[in-house]
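Residue-level structural notes
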Amino acid sequence: MDPHAELRERVAELAAGRLSGPEREALERHLAGCAECAGIAATWTDLAAGFRSAGAALLEPHPDAPALARWATSSETPADGDAIARHVATCASCALEVEAARGRRFARRLE
């Protein structure tokens, strides 16, 4: 059995701010001396921070491609524009699609 398994199970609690007292202190001591577990803790901490800052937007479905392209290239805000803007702010792949759509629009103007 992995000697770190029990400690790793507590890392999510630490990242969520739900671990305190001696349990927290013991885990923090372990993380200070174990690079592997510290890396896992850093990942969980980043995930927890993302959920705190973006909340439910992280779990929303992706906008469909035509709606995303319309939002990216339109001078007017579509009805679902606020929801798309929130999604694009938290979704790297959709943000790249928006940049690509805007780049294509710009390139067409140059032709």
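Rules of the game
- Counting restarts for each chain: residues are numbered from 1 in the order of the written sequence.
- This being a predicted model, a pLDDT of at least 70 is required before a residue's local features are given, and a value of 80 or more before pairs of side-chain atoms are given or counted; all residues contribute to the totals for chains, interfaces and linings.
- Heavy atoms from the whole structure form the basis of all side-chain values; hydrogens and water molecules are not counted.
- We call a set of buried Ala, Val, Leu, Ile, Met, Phe, Trp, Tyr and Cys residues a nonpolar core when their side-chain atoms join them within 4.5 Å.
- Accessibility here uses a 1.4 Å probe with only protein chains present; expressed as a share of the type maximum, an area under 20% marks a residue as buried, one over 50% as exposed, and anything in between as partly exposed.
- Strands are runs of DSSP state E lasting at least two residues, helices are runs of H or I lasting at least four, and both sets are numbered from the N terminus onward.
- Like charges are joined within 9 Å and nonpolar side chains (Val, Leu, Ile, Met, Phe, Trp, Tyr) within 5 Å, but only among residues with over 30% relative accessible area and no salt bridge; these make up the patches.
- Note that accessible areas follow from Shrake-Rupley with a 1.4 Å probe, and for residues the cover is restricted to the protein chains shown.
- Any carboxyl oxygen of Asp or Glu that lies within 4 Å of a side-chain nitrogen of Lys or Arg is treated as forming a salt bridge with it.
- None of His or the chain ends enter the tally, which takes Lys and Arg as positive and Asp and Glu as negative.
- A charged residue contributes its charge at one atom only: NZ of Lys, CZ of Arg, CG of Asp or CD of Glu.
- Contact definition: two residues touch when any of their heavy atoms are within 4.5 Å.

**Re the nonpolar core**
Core analysis: the biggest nonpolar cluster contains 10 residues, these being Ala67, Leu68, Trp71, Ala72, Ile84, Val88, Cys91, Cys94, Val98 and Ala101. Listing elements by their share of this core, those giving two or more residues are α4 (65-73), α5 (81-90) and α6 (92-110). Looking at which element gives the most residues to this core, the answer is α4, with 4 residues. Listed in part, the 8 residues of the second largest apolar core include Val11, Leu14, Leu19 and Cys37.

**Remarks on a positive patch on the surface**
On the surface, Arg102, Arg104, Arg105, Arg108 and Arg109 cluster together to form a positively charged patch. Topologically, Arg108 is positioned in helix α6.

**Notes on the side chain of His30**
Mapped onto the secondary structure, His30 falls in helix α2 (residues 21-33). Those residues in contact with His30 that sit more than four places away from it in its chain are His4, Leu7 and Cys37.

**Things to note about the pattern of salt bridges**
This model, assessed by the stated rule, comprises 3 salt bridges. Glu13 is the salt-bridge partner of Arg10, the closest N and O atoms lying 2.6 Å from each other. Here the residue Arg10 and the residue Glu13 both occupy positions in helix α1 (residues 5-15), the gap between them amounting to 3 residues, near one helical turn. With a relative accessible area of 21%, Glu13 lands in the partly exposed category. For Glu23, the salt bridge is made with Arg10, and the minimal N-O distance between the two is 3.3 Å. Residue Glu23 is found in helix α2, and its partner Arg10 is found in helix α1; the two are separated by 13 residues along the sequence. Among the residues examined, Arg10 registers a relative accessible area of 24% and is labelled partly exposed.

**Notes on the environment of Glu28**
Structurally, Glu28 is set in helix α2. Taking the C-alpha atoms as reference, Glu28 lies 55 Å from Arg108; in sequence the two are 80 residues apart.

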